[in-house]
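What follows is the residue order along each chain.
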Amino acid sequence: QVPIEQNDEIGYLASSFNTMTSNLKNVIDRNSELIKKVYEARYLHKVSQYDALCSQIKPHFLYNVLQAVNWNAIDKGDTETSLIVVNLSNFYRAVLNKGDDDISVEKELKIVEYYINVEKAIYGDIFKVAYNIDEGIKNCLAIPLILQPLVENAIEHGIRSLAEPHGEIVVSAYAEGGTLVFTVSDNGAGIPPQK
């Protein structure tokens, strides 16, 4: 706002300028509030979708069924199936994370470990996994399931396409300039440059 010191054309111009800036500020405030409300509505919609999915899974039912399958496998002396079921149960318990939106890097790495144990139990030792993890970030928070899909893709599209079962996967996690950096690399078939 500019001060109005004269009651002539300059004063009228100053008054018009003040009115224009006031109107502009009101428009910006209304748009900011609208954008905020749209963002909040979308966020709440995503949260409700996630909550609905979690309630459909019924974790206790899932754990009880997996435990029953595990005991059945143990009774029959099927240690391989028991190992798969125990790791699968641990995987889902960690993934569901009691409904929390964030997960520690250490817990995310356990999810990867459970997943890899299931894969190895099913397909044998067709690959090895090495971890290159900065110890200082293990308690940092990350997005749940940020690593497991990358490891799954490395196995599915990289390792399984090898002619010989000598796959290697390296999972790395470190901090760089206040950002967590995760990488999953493998010695699989690779991706053609054009793809």
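Nothing here was measured: the structure is a model prediction, and the numbers come from that model.

**Student:** Hey, could you run me through the sheet that holds strand β4 (residues 167-176) in this one?
**Tutor:** Neighbouring strands of a sheet are bound in pairs by backbone hydrogen bonds; such pairs are parallel or else antiparallel. On the basis of which strands lie adjacent, the open sheet formed by three strands has the order β2-β4-β5 and mixed pairing. Lying at the two open borders of the sheet, with one neighbouring strand each, are β2 (127-133) and β5 (179-186). Pairwise comparison of adjacent strand axes, ignoring direction, gives a mean angle of 10 degrees for this sheet. Across the sheet, helix α4 (residues 105-123) touches β2, β4 and β5, and the angle it forms with β2 is around 175 degrees.

**Student:** Help me understand the packing of α4 against helix α5 (residues 148-159), please; the structure alone is not making it clear to me.
**Tutor:** In a pair of packed helices, the angle between the axes and the distance between the axes together describe the arrangement. In the contact formed by α4 and α5, the axes pass within 9 Å of each other and the chain directions differ by 30 degrees. On the basis of their axis angle, the class for α4 and α5 is roughly parallel. Read as a crossing pair, α4 and α5 show a hand that is right-handed. Contacts between α4 and α5 involve Glu108, Ile111, Val112, Tyr115, Ile116 and Glu119 from the first element and Gln148, Val151, Glu152, Ile155 and Glu156 from the second. For the contact of α4 with α5, the class distribution of residues is six nonpolar, one polar and four charged.

**Student:** Just checking my understanding: could you explain the environment of Val118 for this structure?
**Tutor:** In this structure, Val118 sits in helix α4. Using a relative accessible area of 10% as the deciding quantity, one classes Val118 as buried. Apart from residues lying up to four places away in sequence, Val118 is in contact with Ile84, Asn87 and Leu88.

**Student:** It is not clear to me how α4 should be interpreted in this structure. Could you clarify?
**Tutor:** Three- or four-residue spacings in an α-helix give side chains the same orientation, since the helix completes a turn every 3.6 residues. Between its first and last C-alpha, α4 extends 27 Å over 19 residues, near the 27 Å set by a 1.5 Å rise per residue. Inspection of α4 places Val105, Glu108, Leu109, Ile111, Val112, Tyr114, Tyr115, Ile116, Val118, Glu119 and Ala121 among the buried residues, and these make up the whole buried set. Of the residues flanking the end of α4, it is Gly124, one or two places downstream, whose phi is positive at about 80 degrees.

**Student:** Help me understand the packing of helix α3 (residues 79-96) against α4, please; the structure alone is not making it clear to me.
**Tutor:** Remark: α3 packs on α4, axes separated minimally by 9 Å, with the N-to-C direction vectors making an angle of 155 degrees. In terms of axis orientation, α3 runs roughly antiparallel to α4. The chirality of how α3 crosses α4 is left-handed. Residues Leu83, Ile84, Asn87, Leu88, Asn90, Phe91, Ala94 and Val95 of α3 pack against Lys107, Ile111, Tyr114, Tyr115, Asn117, Val118, Ala121 and Ile122 of α4.

**Student:** Is there a simple way to think about the side chain of Glu108 in this case?
**Tutor:** Mapping Glu108 onto the fold places it in helix α4. There is no salt bridge for the buried Glu108, and the closest opposite charge comes from Lys107, which lies 9.5 Å off by N-O distance. Side-chain polar atoms of Glu108 contact the backbone nitrogen of Leu145, separated by 3.0 Å. In this structure the side chain of Glu108 is engaged in a polar contact, spanning 3.0 Å, whose partner is the backbone nitrogen of Leu147. Glu108 has contacts with Ile103, Ile143, Pro144, Leu145, Ile146, Leu147 and Gln148, leaving out every residue within four places of it along the chain.

**Student:** Even after reading the chapter, I still don't get the environment of Tyr123, so can you show me in this structure?
**Tutor:** Residue placement: Tyr123 occurs in helix α4. Through-space distance from the C-alpha of Tyr123 to that of Arg160 is 9.7 Å; in sequence the pair is 37 residues apart.

**Student:** Even after reading the chapter, I still don't get the packing of aromatic side chains, so can you show me in this structure?
**Tutor:** All chains considered together, the criterion is met by one aromatic pair. Considering the side-chain rings of Phe91 and Tyr115, the 6.4 Å spacing of their centres and the 45 degrees angle between planes classify their relative orientation as tilted. Of the two residues, Phe91 sits in helix α3 while Tyr115 sits in helix α4, which places them 24 residues apart along the sequence. The burial state of Phe91 is the same as that of Tyr115; both residues are buried. Over the face of the ring belonging to Phe127 we find Lys120, whose NZ or CZ atom lies 5.3 Å from the ring centre.

So, how was this worked out
- Every chain's residues receive numbers from 1 upward, in the order its sequence appears when written.
- Selection of residues for local features in this predicted model requires a pLDDT of at least 70, selection of side-chain atom pairs for listing and counting requires 80 or more, and totals for whole chains, interfaces and linings are taken over all residues.
- Side-chain descriptors were evaluated using all non-hydrogen atoms of the structure, hydrogens and water having been removed beforehand.
- A pair of strands is labelled paired if DSSP reports no fewer than 2 bridges between them.
- The way it works is that DSSP assigns letters per residue, a run of H or I at least four long becomes a helix, a run of E at least two long becomes a strand, and they are numbered from the N terminus.
- Angles here are taken between N-to-C directions and fall from 0 to 180 degrees, while the axes themselves are lines fitted to C-alpha atoms, restricted in helices to the stretch in contact.
- Only heavy atoms matter for contacts: two residues are in contact if any of them lie within 4.5 Å across the pair.
- Angular relationships are summarised with four words: roughly parallel below 35 degrees, roughly antiparallel beyond 145, roughly perpendicular across 65 to 115, and oblique for the angles in between.
- Take the far helix as the reference: if the near one is turned anticlockwise from it by less than a right angle, the crossing is left-handed, and if turned clockwise, right-handed.
- Under this grouping Gly is polar, as are all residues other than the nonpolar Ala, Val, Leu, Ile, Met, Phe, Trp, Tyr, Cys and Pro and the charged Asp, Glu, Lys and Arg.
- Three exposure classes are used, based on accessible area relative to the maximum for each residue type with a 1.4 Å probe and protein chains only: buried under 20%, partly exposed in between, and exposed over 50%.
- A helix's residues, less one, multiplied by 1.5 Å, set its expected span.
- In this charge count, Lys and Arg are treated as positive and Asp and Glu as negative; neither His nor the chain ends contribute.
- Throughout this description, the term salt bridge denotes a Lys or Arg side-chain nitrogen within 4 Å of a carboxyl oxygen of Asp or Glu.
- Pairs of N or O atoms are called polar contacts if they sit within 3.5 Å, as long as, within protein, a hydrogen donor faces a hydrogen acceptor (for residues adjacent in sequence, only side-chain-to-side-chain pairs).
- In this scheme Phe, Tyr and Trp rings, the latter by its six-membered ring, pair at centre separations within 6.5 Å, and the angle between planes marks the pair as stacked below 30 degrees, edge-to-face above 60, and tilted otherwise.
- Think of it as a cone above the ring: NZ of Lys or CZ of Arg counts as a charge over the ring if it is within 6 Å of the ring centre and within 35 degrees of the ring normal.

Purely geometric numbers; function is a separate question.
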